[in-house]
Amino acid sequence: MRIAVCIKQVPDIEARLRVSGDGTWIDEEDLSFVINESDGYALEEALQIAERTSGEVVVFSLGPERVREALRKALALGAARAVHLKDPAFLGGDSLSTGRALAGAIAAGDFDLVLTGSQSDDVGFGSTGTVIAGELGWPHVWLVMGVELDEANKKVKVTREMEAGMNEISNLDLPAVLEIQAGLNKPRYASLRGIMQAKKKEISEPGPGDLGLAPESLGETGAKIEVLSVAFPEAGKGAQIIEGDAETAARTLVEKLQKEARIL
Amino acid sequence: MSAKIWSVLQQRDGEIQKISWEAVRAGQALAADLGGSAEAVLLGSGMQEAGNEVGQCSLGSVHVADDESLAIYTPGRFARTLEAAIATAQPDYVLFPHTYQTVDFLPGLAQSLDAALVPEAVSFEIVDGSVVWQRPVLGGKMLASVRAKGPGPVLVSLQSGAFSADELEKGSAPIETLSLDFAAMAPDREILGIEEAVGGEVDLSQAPVIVSVGRGIGDAEKIPIMQELADALGGELGASRPVIDSGWLPRDRQIGSSGQTVTPKLYVAAGISGAIQHLVGMKGSQVIVAINKDAGAPIFNVAHYGIVGDLHEVVPAVTAALKEASES
């Protein structure tokens, strides 16, 4: 099995966030970046499939220079090589133009399967994998909770999470795109040996021309939506914050639940 | 220009979920603000009764695609049906309930229509004649305002609870059958079955008090401090998704869009930041208490009482204070 995995590098949102100067995103300076959570599960699933089938994992990511660090990490975990779409023409897109670029890069290889996370923890469109599938003309499933490969018949049996505790079980013909839900497996840690080997692995950086893509269909220019601003949700209607050290606050809370909310 | 707004309802076995009525209400509100007409679309098999139910809303019309091939959802058939209907009628905005099913097919539909896609909107406003949508980003910590650019329809999925089904305007709408070449639409996956996910043992929906734990607990070994608080309150233990994914609690304790929806008398959220997927499962609770060390966590926006602090200190202190109060 040759497997393409698309990962996104996202800011660690536990950090304190500030709106950027132009008001359309957050200030990325001083933030640390991580591989998007569900993409990490997609990578792990791909590595396990590749190990079982003597296959190979190639990892793709679209984003600025900092993304190289996430690709290095994926290489240390076991991906064979990486493709970094960093040309400015690729950047600033919505899920449609981002998916178009990634699909263009994937189409240049010969893959049986594309795995990616179901949703990014920053922008959260939950759409990019489905767009990649549409561009490639392959079937897809979003929010995948189980993957069973039938290599001989070139099929994959997929469990999709539905609402209200139900799952859909379906069969897809390969090649296909699966958008993985977090929790599917136990992502591994990089070994020292893996980290050393990763330094010698190739990270290619094709531009739009190398992939036969028209720059105006990509990135911000190719996007169908524009972000006007980001803001913190309005404060004021939120919680009554109880002050004091843990013990004082706890006592006050219990008193309020008894006398004010009258639910104890 | 008069805008044409469609709301696409989702149904299962002819039963229309609340979130679909919210999408119809959003269509009515958008039509009123833009000066246009709101219409509804229903897809499925044996849709006569459901179609009549939708027809009791104040709408320009209800378009019904009723065919055996639509009895079970597949993205191929649903997206192709809507693609054909939208290409013919050319609505300006098409609103969907933001469900897992919608997310599964909507990006592909937007792609084939070359339409703008706005997933998970929670509100809109009209600015200089164009519609600006708000949607959560960064785990719900911030809201982004986005706008479609260029020509073509705008496809929007609306988060649960963003619009109120109670405000739905009643009326009478003509039912129109969508005559399409259903036989030409191939499913792109073979559905083998729909089954219950494992482990639905605990029914949290009946618990009067739920003490819920999130990623902030940091370690499975710390779960007992949460259990002690739940015991002191006579409640059940719940959890947000990351705790379940880490295997620290079984899946039947999960609260949120992919777990259970609860409305207890008291809901205590400790170490839960408050991503929208969690909030939709608990925001109807009577009293919500949030304990989190991050003062900017979105959970504080829905909570009634909040303590900003380390749950490892605060939770045992609350348990102790409860015992103290019951002894005095």
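The structure presented is a predicted model; accordingly, all values stated were derived computationally and were not measured. (Residues numbered from 1 in each chain as written. Chains lettered and ligands numbered in written order. Predicted model: local features only at pLDDT ≥ 70, side-chain atom pairs only at ≥ 80, totals over all residues. Heavy atoms only, no water.)

**Some remarks on the packing of aromatic side chains**
Point 1. Tallying each qualifying case throughout the model produces nine aromatic pairs over all chains.
Point 2. Relative to Phe-78 of chain B, the ring of Tyr-73 of chain B lies with its centre 5.1 Å away and its plane at 75°, an arrangement referred to as edge-to-face.
Point 3. A relative accessible area of 8% places Phe-78 of chain B in the buried class.
Point 4. Ring geometry for Phe-96 of chain B and Phe-105 of chain B: centres 6.0 Å apart, planes at 75°, overall edge-to-face.
Point 5. Residue class for Phe-96 of chain B comes out buried when judged on its relative accessible area of 1%.
Point 6. Taken together, the aromatic side chains of Tyr-73, Phe-78, Phe-96 and Phe-105 of chain B make up a single cluster linked through ring pairs.
Point 7. The ring of Phe-111 of chain A has Arg-2 of chain A sitting right over it, with the charged end atom 4.9 Å from the ring centre. (Phe/Tyr/Trp six-rings, centres within 6.5 Å; stacked < 30°, edge-to-face > 60°. Buried < 20%, exposed > 50% of the residue type's maximum accessible area, 1.4 Å probe, protein only. Lys NZ or Arg CZ within 6 Å of the ring centre and 35° of its normal.)

**Let's talk about the pattern of salt bridges**
Point 1. By the definition in use, this model includes 29 salt bridges over all chains.
Point 2. The salt bridge involving Lys-256 of chain A is made with Glu-260 of chain A; its shortest N-O contact spans 3.3 Å. (Salt bridge = Lys/Arg side-chain N within 4 Å of Asp/Glu carboxyl O.)

**Comments concerning the sheet that holds strand S1 (residues 3-9) of chain B**
Residues and elements named next belong to chain B.
Point 1. As summarised here, the arrangement of the seven strands in space is S7-S11-S6-S1-S4-S5-S12, forming an open sheet in which the pairing is parallel. Strands with a single pairing partner mark the edges of an open sheet, and in this sheet they are strand S7 (116-121) and strand S12 (175-177). Along the sheet, successive strands turn relative to each other by an average axial angle of 25°, direction set aside.
Point 2. Pairing between S7 and strand S11 (residues 154-158): four bridges, direction parallel. Bridging from a neighbouring strand, Ala-116 pairs with Val-154 of S11.
Point 3. Sheet strands in contact with helix H1 (residues 18-34) are S1, strand S4 (36-44), strand S6 (93-97) and S11, and its direction is about 175° off that of S1. (Pairing = 2+ DSSP bridges. Helix = DSSP H or I, 4+ residues; strand = E, 2+ residues; numbered from the N terminus. Axes fitted to C-alpha atoms, helices over the stretch in contact; angles between N-to-C directions. Contact = heavy atoms within 4.5 Å.)

**Here's the deal with the nonpolar core**
Residue and element names in this part refer to chain B.
Point 1. With 49 residues, the main nonpolar core has Trp-21, Val-54, Leu-59, Leu-95, Trp-133 and Leu-158 as its most contacted residues.
Point 2. Here this core gets seven residues from one element, more than from any other, and that element is H1.
Point 3. The residues contacting Leu-158, other than those within four sequence positions of it, are Ile-19, Ala-23, Ala-26, Leu-95, Phe-96, Pro-97, His-98, Ala-121, Trp-133 and Phe-163. (Core = buried A, V, L, I, M, F, W, Y, C linked by side-chain atoms within 4.5 Å.)

**With respect to the environment of Val-268 of chain B**
All names here are of chain B.
Point 1. Here Val-268 is to be found in strand S16 (residues 266-270).
Point 2. Residue Val-268 is classed as buried on the basis of its relative accessible area, which comes to 5%.
Point 3. Sequence separation of Val-268 and Lys-170 is 98 residues, and the distance between their C-alpha atoms is 38 Å.

**Details of helix H3 (residues 75-89) of chain B**
All names here are of chain B.
Point 1. An ideal rise of 1.5 Å per residue puts 21 Å on 15 residues; H3 measures up with 21 Å between its terminal C-alpha atoms.
Point 2. Those residues of H3 not exposed but buried are Pro-75, Gly-76, Phe-78, Ala-79, Thr-81, Leu-82, Ala-85 and Ile-86.
Point 3. Residue Gln-90 follows H3 closely and has a positive phi angle near 50°. (Expected span 1.5 Å × (residues − 1).)

**Comments concerning the pairing of strand S5 (residues 62-66) of chain B**
Residue and element names in this part refer to chain B.
Point 1. Summarising burial for S5: four of the five residues are buried, a large majority.
Point 2. Where S4 lies against S5, five bridges are found, and the strand directions are parallel. Along S5, the bridge assignment pairs Leu-42 with Val-64.

**A closer look at the packing of helix H4 (residues 128-136) of chain A against helix H4 (residues 100-113) of chain B**
Point 1. Interhelical geometry of H4 of chain A versus H4 of chain B gives an angle of 50° and a closest axis separation of 8 Å. Accordingly, the angle class assigned to the pair H4 of chain A and H4 of chain B is oblique. Helix-helix and strand crossings are classified by hand; for H4 of chain A and H4 of chain B the assignment is right-handed. On the side of H4 of chain A, the interface is formed by Thr-130, Val-131, Gly-134 and Glu-135 of chain A, while H4 of chain B contributes Val-103, Asp-104, Pro-107, Gly-108 and Gln-111 of chain B.
Point 2. Here the contact of H4 of chain A with H4 of chain B is composed, by residue class, of three nonpolar, four polar and two charged. (Parallel < 35°, antiparallel > 145°, perpendicular 65-115°, else oblique. Left-handed = near helix turned anticlockwise from the far one by under 90°. Nonpolar A, V, L, I, M, F, W, Y, C, P; charged D, E, K, R; others polar.)

**Some details on the pairing of strand S14 (residues 209-213) of chain B**
All names here are of chain B.
Point 1. Counted residue by residue, S14 has five buried out of five residues, so it is predominantly covered.
Point 2. Both faces of S14 are covered, namely the face carrying Val-209, Val-211 and Val-213 and the face carrying Ile-210 and Ser-212.
Point 3. In this sheet, S16 lies alongside S14 in parallel orientation, the contact comprising five bridges. Looking at the pairing, Ser-212 lines up with Ala-269 of S16.
Point 4. Alignment of S14 against strand S15 (residues 236-239), held across four bridges, turns out to be parallel. Within S15, the position partnered with Ile-210 by the bridge is Glu-236.
Point 5. In this fold, the crossover linking S14 to S15 by way of helix H5 (residues 223-233) has right-handed handedness. (Right-handed = clockwise from strand over helix to strand, strands pointing away.)

**Remarks on the sheet that holds strand S10 (residues 142-148) of chain B**
Point 1. Strands sit in the order S12(A)-S10(B)-S9(B)-S8(B) across an open sheet of four strands; the sheet is antiparallel. Each having just a single partner strand, strand S12 (225-231) of chain A together with strand S8 (123-127) of chain B make up the two edges of the open sheet. Across the sheet, the mean angle from the axis of one strand to that of its neighbour is 30°, orientation sign disregarded.
Point 2. Where S12 of chain A lies against S10 of chain B, six bridges are found, and the strand directions are antiparallel. Directly across from Val-230 of chain A, in S10 of chain B, lies its bridge partner Ala-144 of chain B.
Point 3. Sheet strands touched by H1 of chain B: S8 and strand S9 (130-137) of chain B. Its angle to S8 of chain B, the strand with the most contacts, is close to 10°.

**What to know about the packing of H3 of chain B against H4 of chain B**
All names here are of chain B.
Point 1. Packing of H3 against H4 leaves a shortest axis separation of 9 Å and a crossing angle of 45°. Considering the angle they form, H3 stands oblique to H4. Viewed along their axes, H3 and H4 form a crossing whose handedness is right-handed. Across the interface between the two elements, Pro-75, Phe-78, Ala-79, Arg-80, Leu-82, Glu-83, Ile-86 and Ala-87 from H3 touch Gln-101, Asp-104, Phe-105, Gly-108, Leu-109, Ser-112 and Leu-113 from H4.

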